[in-house]
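What the coordinates show
Next come the chains, spelled out residue by residue.
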Amino acid sequence: MKYAVVGCGAVGGYFGAKLSKAGNEVHFLLRSDYEFVKEHGLQVNSCNGDFHLNDIPVYNTTSLMPTVDVVIVGLKTINNHKLSTLLPPLIGKKTIVLLIQNGLGVEEDVQQMFPTVQLVAGLAFICSAKTKPGVVDHQCYGSINLGNYSCTDKERYEQLLNDFRNAEIPTNDVEYHEARWRKAVWNMPFNGMTVAMNTQTNHLLAVPQMRQVIRNQMLEVIHAAWACGIKTIGEDYADQMIQFTLDMVPYSPSMKLDFDFHRKMEIEYLYTRPIKIAREHGFTMPRLEMLEAQLRLLEQ
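Below, the structure is looked at part by part. (Residues numbered from 1 in each chain as written. Predicted model: local features only at pLDDT ≥ 70, side-chain atom pairs only at ≥ 80, totals over all residues. Heavy atoms only, no water.)

1. Here we look at the layout of surface pockets
Rules: Buriedness of a pocket was judged along seven lines, with at least five required to meet protein on both sides within 12 Å; pockets are open sets of points on a 1 Å grid over the protein atoms alone, cavities are sets where a 1.4 Å probe fits but cannot get out, and lining residues have an atom within 4 Å of a point. Grid points are joined across faces, edges and corners, and a volume is the space filled by probe spheres set on the points. A helix here means a DSSP run of H or I that spans at least four residues, while a strand means a run of E at least two residues long, and both kinds are numbered starting from the N terminus. In the scheme used here, Gly and all other residues not listed as nonpolar or charged are polar, with Ala, Val, Leu, Ile, Met, Phe, Trp, Tyr, Cys and Pro taken as nonpolar and Asp, Glu, Lys and Arg as charged.
Here the largest pocket is characterised by a volume of approximately 1,200 Å³. Lining the largest pocket we find 49 residues, and of these Gly9, Ala10, Val11, Gly74 and Lys76 sit closest to its centre. Where the lining of the largest pocket is concerned, the elements lending two or more residues are strand S8 (118–132), helix H6 (176–196) and helix H10 (254–260). Looking at the lining of the largest pocket element by element, the count peaks at 9 residues for S8. In terms of residue class, the lining of the largest pocket is built from 22 nonpolar, 16 polar and 11 charged. Of the pockets and cavities examined, the second largest pocket occupies roughly 230 Å³. Lining the second largest pocket are Leu104, Gly105, Glu108, Tyr149, Tyr176, His177, Arg180, Trp181, Cys228, Ile277 and His281. No other element matches the 4 residues that H6 contributes to the lining of the second largest pocket.

Set out below in structure tokens:
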């Protein structure tokens with residue numbers, strides 16, 4: 001299948017590069033490093049082996065890009081208002097839009113923009129960063145869960161799964177709602193707390209009292225999922241995610257990097273919407289409401 005990557009950052013750039021390396025036709029939309037990548041190519045420094053892509057099709061506008069089978073959206077959700085103009089040139093009648101983005105409520109809002117487009121959620125479990133033009137630093141992990149939100153073309157969806165797997169990307173087909181809440185169990189504590197405490201994941205977990213704070217926040221997310229009808233996430237998942245984090249390299253999540261580089265943070269979909277969804281189901285999240293308030297203050 002033919003792919004386009006919109007949002008060629010640490011995550012979109014990595015998965016797009018892996019698909020291209022495996023022989024798929026992948027077209028990349030770039031902004032600040034368009035000229036650099038056009039001239040020098042895209043470099044991936046990876047814990048699984050470095051590689052370089054030369055002469056890849058890059059663009060600085062989607063109006064020049066072809067219609068594709070799959071659009072991979074790796075933009076931060078704060079830029080989703082741009083999708084209404086970015087996506088139309090890429091979308092055909094059967095195009096799948098894969099949203100590799102953080103938070104809850106993302107697909108619902110994008111579907112309102114494009115009522116007939118087939119949407120799939122991408123939940124990436126990866127430590128990667130892009131702090132230099134044309135260079136993606138992949139530190140550890142690198143798997144992705146795909147949750148079908150509104151894709152009715154089963155054959156094309158299966159091909160999407162197979163293309164990712166053939167590109168040596170560990171890929172699972174998962175239930176959409178459960179997957180979004182499972183990702184929130186990690187995202188909501190660690191993204192915000194690394195900002196609020198101005199530190200990395202390893203330092204948060206090095207202090208027993210802070211580790212308990214993180215665990216309590218995780219349990220709050222799990223209980224919110226229960227209230228929303230997702231009963232398949234047990235409390236032991238919090239301990240699994242803590243161990244998962246202890247096993248990774250010292251890491252600054254995407255929200256911490258955004259804060260450090262004075263960029264707008266993804267507070268709306270990572271905090272405001274999940275808190276609102278839980279409240280609509282009769283459950284309040286006081287610990288994470290406090291963290292959301294801290295983040296709003298810090299952003300101002």
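2. Quick look at the packing of helix H8 (residues 208–227) against helix H9 (residues 236–247)
What counts is decided by this rule: Axes here mean lines fitted to C-alpha atoms, for a helix over just the part in contact, with angles spanning 0 to 180 degrees between N-to-C directions. For classification, angles of less than 35 degrees are called roughly parallel, those exceeding 145 degrees roughly antiparallel, those between 65 and 115 degrees roughly perpendicular, and all remaining angles oblique. In this scheme, a crossing is called left-handed if the near helix is turned counterclockwise away from the far one by less than a right angle; it is called right-handed if the turn is clockwise. In what follows, residue pairs with any heavy atoms lying within 4.5 Å of each other are defined as contacts.
Two elements in contact, H8 and H9, have axes whose closest approach is 9 Å; the angle formed by their N-to-C orientations is 130°. When the axis of H8 is compared with that of H9, the two are oblique. For the crossing formed where H8 meets H9, the hand is right-handed. Of the residues in H9, those touching H8 at Arg211, Arg215, Met218, Leu219 and Ile222 are Tyr237, Ala238, Asp239, Met241, Ile242 and Leu246. In terms of residue class, the contact of H8 with H9 is built from 8 nonpolar, no polar and 3 charged.

3. Thoughts on helix H1 (residues 12–21)
Worth spelling out the cut-off: Using a 1.4 Å probe on the protein chains alone, a residue whose accessible area is under 20% of its type maximum counts as buried, one over 50% counts as exposed, and one in between counts as partly exposed.
For H1, a buried count of 9 out of 10 residues is recorded, marking the element as mostly surrounded by other parts of the structure. When we look at burial in H1, the residues that qualify are Gly12, Gly13, Tyr14, Phe15, Gly16, Ala17, Lys18, Leu19 and Ser20. Just beyond H1, the residue with positive phi is Gly23, at close to 105°.

4. Regarding empty space enclosed by the protein
Per the counting criterion, the structure on display carries 1 cavity of 30 Å³ or more. Size it by volume and the largest cavity reaches roughly 30 Å³. Ranked by residue count, the leading element in the lining of the largest cavity is H6, at 5 residues. Along the lines of polarity and charge, the residues of the lining of the largest cavity split into 4 nonpolar, 2 polar and 2 charged.

5. Quick word on unusual backbone geometry
A positive phi angle, close to 65°, is found at Glu168, a residue other than glycine. In the Ramachandran plot, Asn198 falls in the positive-phi region, its phi being about 50° despite a non-glycine side chain. Mapping Asn198 onto the fold places it in the loop between H6 and helix H7 (201–206).

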